[in-house]
Amino acid sequence: MGACFVAIIAILQGKEVIGTDKDQKYSQIIINRILSLCKERGIAPYKLSTMSGVGSSTIHALLKGKTKNPQIITLHKLANTFNLTLAEFLDFPELNVYSFEDEETEEGDQEKARFQQAP
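These notes cover the structure that comes with them.

What counts, and where the lines are drawn
- Residues numbered from 1 in each chain as written.
- Predicted model: local features only at pLDDT ≥ 70, side-chain atom pairs only at ≥ 80, totals over all residues.
- Heavy atoms only, no water.
- Salt bridge = Lys/Arg side-chain N within 4 Å of Asp/Glu carboxyl O.
- Buried < 20%, exposed > 50% of the residue type's maximum accessible area, 1.4 Å probe, protein only.
- Helix = DSSP H or I, 4+ residues; strand = E, 2+ residues; numbered from the N terminus.
- Arc of directions from axis to C-beta.
- Contact = heavy atoms within 4.5 Å.
- Phe/Tyr/Trp six-rings, centres within 6.5 Å; stacked < 30°, edge-to-face > 60°.

1. Topic: the pattern of salt bridges
- For the structure shown, the criterion picks out 1 salt bridge.
- The partner of Glu-40 in a salt bridge is Arg-41, with the nearest N and O atoms 3.3 Å apart.

Here is the structure:
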């Protein structure tokens, strides 16, 4: 069973779907938001492409979790489809409490190690 299908089933059952690694978790938060809005408004996820003007392959990649960092224009078009501003689309609890702190610490540690190794 595909990840997108499993995520859709879980959302329809009222379950939250979150991945394990940071990129996957962030991506899944966005996927959950889109699927939740689809459910609330009675929109089938596969119809988002025609309704939003976003290519079907882009929607598919986004919902499958292959697109980890969607472009702002894609999110803006999706927000408009749900009659939301981009700010409203991105203003929801799961995203608001998401922390990049762990990622920044890891990146900072890697950069610090590079400078320490330099002659």
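Additional details are given in the paragraphs that follow.
2. What about helix 5 (residues 72–81)?
- Along helix 5, the positions that sit buried rather than exposed are Thr-74, Leu-75, Leu-78, Ala-79 and Thr-81. All buried residues of helix 5 project into a common sector of 155 degrees when viewed along the axis, lining one side.
- Note on helix 5: the residue one or two positions beyond its end, Asn-83, has a positive phi of about 60 degrees.

3. A look at the environment of Leu-84
- Position of Leu-84 among the secondary structure elements: in the loop between helix 5 and helix 6 (86–90).
- Beyond its immediate sequence surroundings of up to four residues, Leu-84 is in contact with Arg-33, Leu-37, Arg-41, Ala-79 and Phe-89.

4. Brief notes about the packing of aromatic side chains
- Under the criterion given, the structure shown has 2 aromatic pairs.
- Here Tyr-26 and Tyr-98 contribute two aromatic rings whose centre-to-centre distance is 5.3 Å and whose plane-to-plane angle is 55 degrees, an arrangement assigned as tilted. With Tyr-26 in helix 2 (residues 22–41) and Tyr-98 in the loop between helix 7 (93–96) and helix 8 (101–117), this pair connects stretches of sequence that are 72 residues apart.
- With a centroid separation of 6.4 Å and an interplanar angle of 10 degrees, the aromatic rings of Phe-82 and Phe-89 are classed as stacked. Here the two residues Phe-82 and Phe-89 agree in accessibility, since each one is buried.

5. Section: unusual backbone geometry
- You will see that Asn-83, though not glycine, has its phi angle at about 60 degrees, which is positive.
- In this fold, Asn-83 is placed in the loop between helix 5 and helix 6.

Everything listed here is a matter of coordinates, which is why it stays silent on function.
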